[in-house]
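Architecture at a glance
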Amino acid sequence: MNMVTLQDYAESMHIAWCPGCGNFGILQAFRKAMVELHLEPNRILLVSGIGQAPKLPHYTHGNVLNGLHGRAIPEASGAKLANLELTVIVIDGDGGAYGEGLNHTLAAIRRNIRMTYMVHNNQVYGLTKGQASPTSDLGFVTKTTPMGAGQPLNPLALALASDVSFLARGFAGDIDHLSSILQMAITHQGFALVDILQPCVSFNRVNTFQWYRKRVYKLDEDKSYDPTDKMKAFAKVQEWPDRIPIGLIYRQERPVYEEQFHALKELPLVKQKLDPLDFEAHLDEFM
Amino acid sequence: MATDFNFLAGGEAGQGIQSVGMILAKSLLYGGYHIFADQDYESRVRGGHNFFRVRASDREVLALSEDLDLLIALNRETIDLHKSKLKPDGMIIHDREQTQFEDHCNACLDVPLNRLAMQAAQNRLMVNTVAVGAALGLIEYKSAFLESALKKAFAKAGDKIVADNIRAALAGFDFARQHPSGQQLKPIDGAPRRMLLNGNESLSVGMLAGGCKFVAGYPMTPSSSILEYIADKSTRCNVVMVHVEDEIAAINMAIGASYAGVRSMVATSGGGFALMVEGLALAGMTETPVVIVLGQRPGPATGLPTRTEQGELWFTLHAGHGEFPRAVLAPATVAEAFVIAVKALNLAEKYQTPVLILTDHHLASSYNTVPKFDLKQVKIERGALLSDEEVSRLTDYRRHQVTDSGISPRALPSQGMALVVTDSDEHDEAGHIIEDAATRILMNEKRLRKLRGLQAEISAPMIKRMPKAELNLIGWGSSYGAIHEAIELLHKEGIAANHIHLSEIWPFPTEAVTRALNNKAKSIVIESNATAQMAILIRRETGIKVSGNILRYDGRPISPKYIIDNLKKEVS
């Protein structure tokens, strides 16, 4: 096994995030996870949508498919099914994951294709400069919601209700803890949703680093918490905003989508030979 | 005298009309006939009126005929609706108990379909099989071919079902044989074995033989049968077919799979394609090959779901935000759908851009006999895809490297050490997001340069000239057979017409079309839409204004008779 170092995941271009953005912590946690898992950049595929978070793949190293807003999940699913040897990590914001692409998020949870979904959840639209997101607090006033944002979505509860096989929450302000969550997610046999609390220093003056620091607590420090107990997990994801649990919330074993395909049993699709004559026998059906 | 015999089987949805049509068509195929068969059905599972026309000829047939020789009526409505289309010596098979049809014509054969089905197989559902048998018995066809067709059709259902169907069919056959009509359809000796398949099947076979490994789709008429066919083959042909949550997911998954290196395809209709359009632009921007099959049906919106139209030519030419190269291909016949599928896969990969295949409900669901496909002729061309060895030698890989052709060498993620980076944002050669004007111009021009190569790949229209032609009849896509036959019929009436047919539409073959229309004949464009989309495209690309149009937009397919009737109006 080659040594993988933080240098392998160094910045590949100038970073255009705001100084102090929560995304910096997430990027650091990501790099640390890659190093600890000994994953070389050429073996990983980073798929992202559109937003501030989805720029992350450009700020490190790896194969990158920076696709459309809200469509990173289907793009990643296609790539994974085409080449099962890729470690696929999808990077999105709350707008892409829980707004524009929610249908795909739920479909991916149900399918359970092996990949990790990092959702940088800052409860606001950063790229477009400060509009409400599906997870903005009730009454959050923005330029597009002068009357205040409506009832927020609880994506974690929704994921649980959809029988997600891995659900965790991280905090951009706790890099080591987030990195360990990402490592668990990436090694999980199935679809892993990691919702990441990401303070937005420009457009969200409510949910700040300080605001989160006062409220988050680590589930793994509570030895009595059993992350395989779905009903307990449901209770945990209702905790907001006075106390906010972070860490592994729920995990279960479920059949992995890609294993049902005969075509994927021996070789990844991309490595299979293409020979038109293989079809010859099937022509007789029309005769 | 050439043999040309037309059956129409009609009844309600749920009465097994499709099955009647297919068994009839297969029986005739085995007797050496050329077949063209089309289906007309409503958007419902039970009730309504469905019919299946089977045309058998001793020479190649590529279009439907509306003049009927034999009507197989499983209900009264079929008689009422289609009786007027019977030729003077045309015949009707029906069960008077069912139809209450008392018109005592010599040409009507009252077959106790229900009673015979019960006697032969103790199964009322086999009424349709009895009817096929009766139809073939009435024209003294060879029952062995009927038996072979039934064996093939019901092989998967087990021996008992096969045996019951054969008994039911022979009961009908023997009954009708006792009432000879005087008309006979004799098997053709020494005919080569042919395939009988519909446009969607032909396209699907082309996709699978052409190396398509990934399909994502959401069911929509008329393209659902492509998804179903490929799903059915997925185990034996090592293909992944994903039934996705929506068409947006379909195209984005296909793009993801293609980015990772497999040939991928989506199939939909206009409404589904409308949802895919943003993804189309993504394929253009990220230079990812993808093939999109758009089976047209009448719109706008849900339109007429089970009927046909060619109303989406302009939509496919212009769909997608921004400017990027694409190819638009529209197979003219069932046989050509196979060839076009392979070509589309190759063009998409060679030019690293989306390729659209425009078919319609008529082509998708009509059956035609074709010579057995020669798979040795299928060439898989993967363009600038780098070999593992080439990738291993790369030092500074840039996925979107600027080249004269606009085509960049293509490595795949994890193929070697090269990192494959692409972006829906404007990007530099390495694939990373940029903002500067100079790079934007460079990359935009690079992508659009691919059109030059693509243009050279587009075949000239098919052109059939007649001496002293007074007319140029121009068509595109599925109307080929109807125009071809209309020209033959016109010739018999002393009118000479050239046939100019486009099945590869974009990049537009401007030079070839200009040359083809540069004569004294009057040019008339024939198409299934209300706004003469091809005629306008020809004017836009060549400056030539055609003299007239024959349009059809009632959801029904263009037939030779429709063309001739309308041509007479157009000329007079």
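Residues numbered from 1 in each chain as written. Chains lettered and ligands numbered in written order. Predicted model: local features only at pLDDT ≥ 70, side-chain atom pairs only at ≥ 80, totals over all residues.

Examining the overall build of chain A
Broken down by element type, chain A carries 8 helices and 10 strands. Against the 2.2 N^0.38 benchmark of 19 Å for 287 residues, chain A shows a C-alpha radius of gyration of 20 Å, consistent with a compact globule. Taking the principal axes of its C-alpha atoms as reference, chain A extends roughly 70 × 45 × 40 Å. Residues counted as buried form 52% of the 287 residues belonging to chain A. A fraction of 70% describes how many contacts in chain A between residues 6 or more apart in sequence connect residues 24 or more apart. (Helix = DSSP H or I, 4+ residues; strand = E, 2+ residues; numbered from the N terminus. Rg over C-alpha atoms; globule rule 2.2 N^0.38 Å. Buried ≥ 20, exposed ≤ 12 C-beta atoms within 10 Å, placed from the backbone. Contact = placed C-beta atoms within 7 Å.)

Thoughts on the packing of helix H1 (residues 17–30) of chain B against helix H6 (residues 143–154) of chain B
All names here are of chain B. Where H1 contacts H6, the two axes come as close as 8 Å, and the packing angle between them is 125 degrees. What the angle tells us is that H1 and H6 run oblique. Handedness of the H1/H6 crossing: right-handed. Where H1 approaches H6, its residues Met22, Ile23, Lys26, Ser27 and Tyr30 are matched on the opposing element by Phe145, Leu146, Ser148, Ala149, Leu150, Lys152 and Ala153. For the contact of H1 with H6, the class distribution of residues is 8 nonpolar, 2 polar and 2 charged. (Axes fitted to C-alpha atoms, helices over the stretch in contact; angles between N-to-C directions. Parallel < 35°, antiparallel > 145°, perpendicular 65-115°, else oblique. Left-handed = near helix turned anticlockwise from the far one by under 90°. Nonpolar A, V, L, I, M, F, W, Y, C, P; charged D, E, K, R; others polar.)

Considerations on the sheet that holds strand E4 (residues 115–121) of chain A
What the 9 strands build is an open sheet, ordered E9(A)-E10(A)-E7(A)-E8(A)-E4(A)-E3(A)-E1(A)-E2(A)-E15(B); its pairing is mixed. Each edge of the open sheet is held by one strand with a lone partner, namely strand E9 (216–218) of chain A together with strand E15 (421–423) of chain B. Taken pair by pair, the neighbouring strands of this sheet meet at an average axis angle of 20 degrees, ignoring direction. Two strands pair when backbone bridges link them, and strand E3 (residues 87–93) of chain A and E4(A) are joined in this way by 5 bridges, in the parallel orientation. Note that in E4(A) the partner of A:Val90 across the bridge is A:Tyr117. (Pairing = 2+ DSSP bridges.)

Remarks on the environment of B:Glu323
All names here are of chain B. Take Glu323: it is sitting in the loop between helix H12 (313–318) and strand E12 (327–329). The exposure class of Glu323 is exposed, given the 11 C-beta atoms found within 10 Å. When the C-alpha positions of Glu323 and Gly284 are compared, they lie 8.2 Å apart, and in sequence the two are 39 residues distant.

Brief notes about the interface of chain A and chain B
With 47 residues of chain A at the contact, the number on the chain B side is 56 residues. For the side of chain A that touches chain B, the secondary-structure elements that each account for two or more residues are strand E2 (63–66), helix H2 (72–82) and helix H4 (102–111) of chain A. It is H2(A) that provides the largest number of residues to the side of chain A that touches chain B, a total of 8 residues. In the side of chain A that touches chain B, the residues fall into 25 nonpolar, 16 polar and 6 charged. The sheet contact formed by E2(A) and E15(B) spans 3 bridges and is parallel. Paired with A:Leu65 across the bridge in E15(B) is B:Thr422.

Focus: the nonpolar core
Grouped together as the largest cluster of nonpolar side chains are 257 residues, with contacts concentrated most on B:Ile72 and B:Ile93. Residues within four places of B:Ile72 in sequence aside, it is in contact with B:Phe7, B:Leu8, B:Ala9, B:Val20, B:Ile93, B:Ala131 and B:Ala135. Counting residues in each nonpolar core, the second largest holds 6 residues, with A:Tyr125, A:Ala132, A:Ala149 and A:Cys200 among its members. (Core = buried A, V, L, I, M, F, W, Y, C linked by C-beta atoms within 7 Å.)

Here we look at the pairing of strand E8 (residues 191–197) of chain A
Looking along a regular strand, one sees the side chains alternate between the two faces of the sheet. All names here are of chain A. For E8, a buried count of 7 out of 7 residues is recorded, marking the element as mostly surrounded by other parts of the structure. A two-sided burial pattern is seen for E8, the buried positions comprising Phe191, Leu193, Asp195 and Leu197 on one face and Ala192, Val194 and Ile196 on the other. Pairing of E4 with E8, which is carried by 7 bridges, proceeds in the parallel orientation. Bridge pairing in E8 links Val119 to Asp195. Pairing between strand E7 (residues 166–171) and E8: 6 bridges, direction parallel. Residue pairing in the sheet places Gly170 in a bridge with Ile196 of E8. Regarding topology, helix H6 (residues 175–187) serves as the crossover connection from E7 to the parallel E8, and that connection is right-handed. (Right-handed = clockwise from strand over helix to strand, strands pointing away.)

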